[in-house]
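Each chain is listed here by its residues.
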Amino acid sequence: MSAAPVENLAPELALEARRLHVRHPGVDRDVLRDASLKVRAGEILALVGPNGSGKSTLIRALGRDLETRKGDVLVEGDPLSTYPRRRLARRVARLPQDPQTPEGLTVEALVECGRHPHVGAFGRLGPRDQAIVAEALEAVEIADYRTRPLEMLSGGERRRAWIAMAIAQEPRVLLLDEPTSALDLRHQFELLDLLVRLNRERGTTIVLSIHDLEHAAHVADRVAVLSRGRVYDVGPPERVLNEETLLDVFRVESRITEEEGGLTMRILGPGDPIRNF
Amino acid sequence: MSTEATPLPKEFLNWQVALRLFTMTDRNGAPHIGVVPTVTVKRPGAHLGVIQHSIVCGLLPHPRLLESKTNEFRSLYEENIEEGARAVYDVGIQYLLDYYDSSDDFDPGTITSLVPEDCALVDALKAEPKCTLSFNVFATEDPQTIGAPRCQQLDCDVEILSEGPVYDNVWWHNTLFHGMADEHVVLRFKHQRSWDTRFGGIQALRG
């Protein structure tokens, strides 16, 4: 008897962007220009870069929310374009920076939406789905608010509710566009810890765009630095986030020291780049 | 109408090669002011009847080397882009340290530049494919290496290229440092005559 095929064996690469050129509808220039990026299965990859460098565009292109003009996105080795919607939704979940919340929708109803790619034609949630929704609410510590409308929650709580929805979706890859924006410091740390927990306990591959470089260094296994629509460098934070990178890409002088708790960055002021990009 | 270029003064071409090598050794690729001439083109209706733009200009490899150099630029890019734009930039600088060796390796009568196809300069050159390039360097960081201050004017005929071997060479050279530039054209400045304009004097230079 031959062994059954192992369907869920995680591939080495969860996502791959190959030579992507992307522009927004109605705009006649590329926001991403020949951007290549490999996302390893099981890692947390942070996208950093100045405003307008292409972070959000890359997140959207990886989640098939934007058409690519040239190049390919591969999900577990297969072209993104070949994935039917429901199958893609079981692989990849994307949370935009500021998701629109339908008025009156309760936390529980939102999180149940995460099960839609998994349920049958009539959309009824079975006992397993209900259990997964309950578990997702617990995971982000928002179960007590399950019956509340989303608009009654604080910004941090609402963000956690959306992440619970993504957890309920059981994706292998979670794409998050600036998940810590508009959160106070404590909620930023709590959210990042939640993402690390998701990654370590469930093996979810996470790609997030983030402005705070120290947070990126703290949370990510690797960092991709974007500059003017191109990937400037990719690698472990302690290699990539250095004083040259901050000069070339962010145009600031800095002092970066590596300490036990991670990288500490002191921004000294504007500076001239080393490389004339 | 396509015209032939006359050779640039050898001294000028040597100066340009030295400046570009200096740019690689001492400026990590940041253009020296000596490679950023002002282009002046007739433009009826414009103030004083001309428009002026600053451009970063380049030298074109000698025709015998053109294709091989284009292929080398392209290979450097293709082999390194997955490492990121910074890696491409750094190998580009390393490559150009040997590239700017002798003025004999460059086209004797051509200066080039890559510019957006929809800019006012291109519009003016489409109407009047002639211009002057003014190089004005009033201070020099390293006289031993890059020579004395120098001001020169080149009168040129201009071709606007959107394909072909010259376009490909300039485009791939630029791509090493600035990424793929869509919707750009290459200006090929064909030298006709030169003037030494330092201290207000205008003196014809001989090749």
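Bear in mind that the values here come from a model prediction, so they are computed numbers and not experimental data.

**Notes on the overall build of chain B**
For chain B, the helix and strand inventory stands at 6 helices and 8 strands. Helices and strands appear in chain B in the N-to-C order α-β-β-β-α-α-β-α-β-α-β-α-β-β. Whereas a compact globule of 207 residues would reach a radius of gyration of roughly 17 Å, chain B reaches 17 Å, a difference of no more than 12%. Taken along the three principal axes of its C-alpha coordinates, chain B extends 50 × 40 × 30 Å.

**As for the overall build of chain A**
For chain A, the helix and strand inventory stands at 9 helices and 12 strands. Whereas a compact globule of 277 residues would reach a radius of gyration of roughly 19 Å, chain A reaches 19 Å, a difference of no more than 12%. Overall, chain A is about 60 × 45 × 45 Å in size when its C-alpha atoms are taken along their principal axes. Across the 277 residues in chain A, those meeting the buried criterion constitute 39%. The long-range share in chain A, meaning contacts at least 24 apart out of those at least 6 apart in sequence, stands at 66%.

**Thoughts on helix α6 (residues 185-202) of chain A**
All names here are of chain A. If you check α6, its first and last C-alpha atoms are 25 Å apart, about what 18 residues at 1.5 Å a residue would give, namely 26 Å. Of all the positions in α6, only Leu191, Leu192, Leu195 and Leu198 are classed as buried. Angularly, the buried residues of α6 cover 115° about the axis, an arc narrow enough to put them on a single face. Within α6, the exposed residues directed more than 90 degrees away from the buried face are Leu185, Arg186, Asp193, Arg200 and Glu201. Where the residues of α6 are buried, they touch β3 (44-48), α5 (155-168), β8 (205-209) and α7 (213-219).

**Notes on the nonpolar core**
Residue and element names in this part refer to chain A. Judged by nonpolar contacts, the single largest core of 121 residues is most densely connected at Ala46, Val111, Ala164 and Val207. Per element, the largest residue contribution to this core is 8 residues, and it comes from α5. With sequence-adjacent residues up to four places away left out, Val111 is seen in contact with Val133, Ala136, Leu137, Ala161, Ala164, Met165 and Ala168.

**Some details on the sheet that holds strand β2 (residues 32-40) of chain A**
Residue and element names in this part refer to chain A. Taken in spatial order, the 4 strands of this open sheet run β2-β1-β4-β5, and their pairing is antiparallel. Looking along the sheet, the strands with just one partner apiece sit at the ends: β2 and β5 (78-79). As paired strands, strand β1 (residues 13-22) and strand β4 (residues 70-75) are joined by 5 bridges and run antiparallel to one another. When the bridges of β4 are listed, Glu16 appears paired with Leu74. On top of the sheet, helix α1 (residues 55-62) reaches β1, β2 and β4; it is set at about 120° to β1, its chief contact.

**Focus: the confidence of the model for chain A**
In the predicted model, chain A carries a mean pLDDT of 91, and 96% of its residues have values of at least 70. With pLDDT under 50 throughout, residues 1-9 of chain A is counted as low confidence; its partners more than four residues away or in other chains account for 0 contacts.

**Comments concerning the sheet that holds β3 of chain A**
Residues and elements named next belong to chain A. The 6 strands are arranged β6-β7-β8-β3-β9-β10 in an open sheet whose pairing can be described as mixed. Across the chains shown, the open sheet's two edge strands, defined by having one partner strand only, are β6 (92-95) and β10 (230-235). Shown here is a sheet whose adjacent strand axes are inclined to one another by a mean of 15°, direction ignored. Lying on the sheet, α6 is in contact with β3 and β8; it crosses β8 at an angle near 155°.

**A word on helix α1 (residues 10-26) of chain B**
All names here are of chain B. Taking 1.5 Å as the rise per residue, α1 with 17 residues should run 24 Å; its terminal C-alpha atoms sit 24 Å apart, in good agreement. Every buried residue belonging to α1 is among Phe12, Leu13, Trp15, Gln16, Val17, Leu19, Arg20, Phe22 and Thr23, and all of these are buried. Residues of α1 that are buried sit in contact with β3 (58-61), β4 (106-116), α5 (143-146), β6 (150-161) and β7 (184-196). Just beyond α1, the residue with positive phi is Asn28, at close to 50°.

**What about the packing of helix α4 (residues 127-139) of chain A against α5 of chain A?**
All names here are of chain A. Put simply, α4 and α5 touch, their axes get as near as 8 Å, and they point 140° apart. One finds that α4 runs oblique with respect to α5. Note on packing geometry: the crossing formed by α4 with α5 is right-handed. Across the interface between the two elements, Ile132, Val133, Ala136, Leu137 and Ala139 from α4 touch Ala164, Ile167 and Ala168 from α5. Classifying every residue of the contact of α4 with α5 by side-chain character gives 8 nonpolar, no polar and no charged.

**Quick word on the packing of helix α2 (residues 66-80) of chain B against helix α6 (residues 165-178) of chain B**
Residue and element names in this part refer to chain B. One way to put it is that α2 packs onto α6 with a least axis distance of 9 Å and a crossing angle of 30°. When the interaxial angle is binned, α2 and α6 end up roughly parallel. Seen along the crossing, α2 lies across α6 with a hand that is left-handed. Facing α2, whose interface residues are Leu66, Glu67, Lys69, Thr70, Phe73, Arg74, Leu76 and Tyr77, α6 presents Pro165, Asp168, Asn169, Trp172, His173, Thr175 and Leu176. Class assignment of the residues belonging to the contact of α2 with α6 gives a composition of 7 nonpolar, 4 polar and 4 charged.

**Things to note about the interface of chain B and chain A**
Tallying the contact residues gives 15 residues for chain B and 14 residues for chain A. If you list the elements that add at least two residues to the side of chain B that touches chain A, you get α3 (85-99) and α6 of chain B. Looking at the side of chain B that touches chain A, the element that brings in the most residues is α3 of chain B, giving 3 residues. The residue inventory of the side of chain B that touches chain A, partitioned by class, reads 7 nonpolar, 5 polar and 3 charged.

**A short note on the pairing of strand β9 (residues 222-227) of chain A**
If a strand is regular, its side chains alternate between the two faces of the sheet. Residue and element names in this part refer to chain A. Of all 6 residues that make up β9, 5 are buried, and the element is covered over most of its length. Here β3 pairs with β9 via 4 bridges, running parallel. In the sheet register, Val48 faces β9, and the bridge partner there is Val225. Summarising the sheet, β9 and β10 pair through 5 bridges and their orientation is antiparallel. Bridging from a neighbouring strand, Ser227 pairs with Arg230 of β10. Hairpin remark: β9 followed by β10, antiparallel, with 2 residues in the connecting loop; positive phi at Arg228, about 50°.

Criteria and cut-off values
In every chain, residue numbers begin from 1 and rise along the written sequence. Throughout, the order in which chains and ligands are written sets their labels, letters from A for the former and numbers from 1 for the latter. Only residues with pLDDT of 70 or above have their local features reported here, since the model is predicted, and side-chain atom pairs are shown and tallied only from 80 upward, although totals for entire chains, interfaces and linings are computed over all residues. Secondary structure elements follow DSSP: runs of H or I of four or more residues count as helices, runs of E of two or more count as strands, with numbering from the N terminus. The atom set for the radius of gyration is the C-alpha atoms, and the globule formula is 2.2 Å times the number of residues raised to the power 0.38. Three exposure classes are used, based on other C-beta atoms lying within 10 Å of a residue's own C-beta, which is placed from the backbone: buried for 20 or more, exposed for 12 or fewer, and partly exposed in between. By the convention adopted here, residues make contact when the C-beta atoms placed from their backbones lie within 7 Å. Expected helix span is computed as 1.5 Å times (number of residues minus one). To obtain the arc, one takes the directions from the helix axis to the C-beta atoms. Here, a nonpolar core means buried Ala, Val, Leu, Ile, Met, Phe, Trp, Tyr and Cys residues linked by C-beta atoms lying within 7 Å of one another. Only when DSSP finds a minimum of two bridges between them are two strands counted as paired. The axes used here are C-alpha line fits, helices contributing only the stretch in contact, and every angle between their N-to-C directions lies in the interval 0 to 180 degrees. pLDDT expresses, on a scale from 0 to 100, how confident the predictor is about each individual residue. Orientation labels follow simple angle bins: below 35 degrees gives roughly parallel, above 145 gives roughly antiparallel, 65 to 115 gives roughly perpendicular, and whatever is left gives oblique. Two helices cross in a left-handed way if the nearer one is turned anticlockwise from the farther one by less than a right angle. They cross in a right-handed way if the turn is clockwise. Put simply, Ala, Val, Leu, Ile, Met, Phe, Trp, Tyr, Cys and Pro go in the nonpolar bin, Asp, Glu, Lys and Arg in the charged bin, and everything else, Gly too, in the polar bin.

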